[in-house]
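Okay, here's what each chain looks like letter by letter:
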Amino acid sequence: MMSGATYSGNVLNIHSVHKEDRGTYYCVADNGVSRGDRRNVNLEVEFAPVVTVPRPRVEQALQYDMDLECHIEAYPPPAIRWLKDSVQLSSNQHYQLSQFATADEFTDSTLRVITAEKRQYGEYICQATNKLGEAEGRVEFTESVIPVCPPACGQARYGGGASAISVSSVLMAVATVLTLVVIAQYVKRA
């Protein structure tokens, strides 16, 4: 992990520091006579962003939502933006952006394409920038014939996408009809 560290008395020199060298270091002094003493030093290492895209190609049917994702490792935390056709995207009726920091140096960013339209298919860029540099990842969003689960699960679209009816609503209606049929048969017998 440490590349070329030297110890001299109470001094630790780390040559050519890498991001893997970050963490807490402990200095322990013990003279064998009394209980030893310990001090700790936290080492923060700043580095330019590294962007990874878990799914570089994503597809979804028209009128369904789809999530595009990128994972960023950087310190200090970067500014993250999504672009399509060189235009920066923001949350609105077509897109929903979210970010979740999993640790000081790790951030997950998701761009949800809401109710996909033909014009939303294409290449998306996830871009991360901090004072030490910039990196980007690309996601190709294409059309599929069949809805992809998730996030399309739990939704059924009827009437050419003009309205959305949740599966739970349909099941509730079916259960109600079945209950009425059972009651009608019971009343008929009585």
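This text goes with the structure placed above it.
Given the structure is predicted, the values throughout are model-derived calculations rather than measurements.

A.B. asks: Just give me the short version of the pairing of strand β13 (residues 133-143), but keep the residues and values in it.
C.D. replies: As judged from the four bridges shared by strand β6 (residues 57-60) and β13, these two strands associate in the parallel manner. Counterpart to E59 in the pairing with β13 is T142. Two successive antiparallel strands, strand β12 (residues 122-130) and β13, enclose a turn made up of two residues.

A.B. asks: Please set out unusual backbone geometry residue by residue, giving values where relevant.
C.D. replies: For the bond from Y75 to P76, the omega torsion is 5°, close enough to zero to count as cis. Relative to the helices and strands, P76 resides in the loop between β7 (66-75) and β8 (79-84). Unusually for a residue other than glycine, D85 sits at a positive phi of about 55°. Here T115, not a glycine, exhibits a phi torsion of approximately 45°, which is positive.

A.B. asks: Would you mind going over the sheet that holds strand β10 (residues 95-103) in detail, with residue names and values included?
C.D. replies: What the four strands build is an open sheet, ordered β5-β7-β11-β10; its pairing is antiparallel. Two strands close off the open sheet at either side, each with one partner strand: β5 (47-52) and β10. Averaged over all adjacent pairs, the angle separating strand axes in this sheet is 20°, with direction ignored. Where β7 lies against strand β11 (residues 106-113), eight bridges are found, and the strand directions are antiparallel. If you follow L68 over to β11, its bridge partner there is L111.

A.B. asks: Can you explain the state of the cysteines? Please cite residues and give values.
C.D. replies: Using the criterion set out here, one finds one disulfide in the structure. One disulfide in the model links C70 with C126; its S-S distance is 1.9 Å. Residue C70 is located in strand β7, and its partner C126 is located in strand β12; the two are separated by 56 residues in the primary sequence. Grouping residues by exposure puts C70 and C126 together as buried.

A.B. asks: Outline the side chain of Q120, listing residues and values.
C.D. replies: Among the structural elements, Q120 can be located in the loop between β11 and β12. Once residues lying within four places of it in the same chain are set aside, the contact partners of Q120 are K84, H94, Y95, V113, I114, T115 and F141.

A.B. asks: I'd like to hear about the environment of V28, residue by residue, with values.
C.D. replies: Examined against the element boundaries, V28 turns out to sit in strand β3 (residues 23-29). Among the residues examined, V28 registers a relative accessible area of 59% and is labelled exposed. Sequence-wise, V28 and N10 are 18 residues apart; in three dimensions their C-alpha atoms are separated by 9.2 Å.

A.B. asks: Talk me through the packing of aromatic side chains; I want residue IDs and the actual numbers.
C.D. replies: Evaluation of the coordinates by the stated rule reveals three aromatic pairs. Geometrically, the ring pair formed by Y121 and F141 is tilted, given 4.9 Å between the ring centres and 40° between the ring planes. Of this pair, Y121 sits in the loop between β11 and β12 while F141 sits in strand β13; the two residues are 20 residues apart in sequence, bridging distant segments of the chain. Each member of the pair, Y121 as well as F141, is classed as buried. Considering the side-chain rings of Y124 and F141, the 6.4 Å spacing of their centres and the 65° angle between planes classify their relative orientation as edge-to-face.

About the cut-offs
- Residues numbered from 1 in each chain as written.
- Predicted model: local features only at pLDDT ≥ 70, side-chain atom pairs only at ≥ 80, totals over all residues.
- Heavy atoms only, no water.
- Pairing = 2+ DSSP bridges.
- Helix = DSSP H or I, 4+ residues; strand = E, 2+ residues; numbered from the N terminus.
- Axes fitted to C-alpha atoms, helices over the stretch in contact; angles between N-to-C directions.
- Disulfide = S-S within 2.5 Å.
- Buried < 20%, exposed > 50% of the residue type's maximum accessible area, 1.4 Å probe, protein only.
- Contact = heavy atoms within 4.5 Å.
- Phe/Tyr/Trp six-rings, centres within 6.5 Å; stacked < 30°, edge-to-face > 60°.

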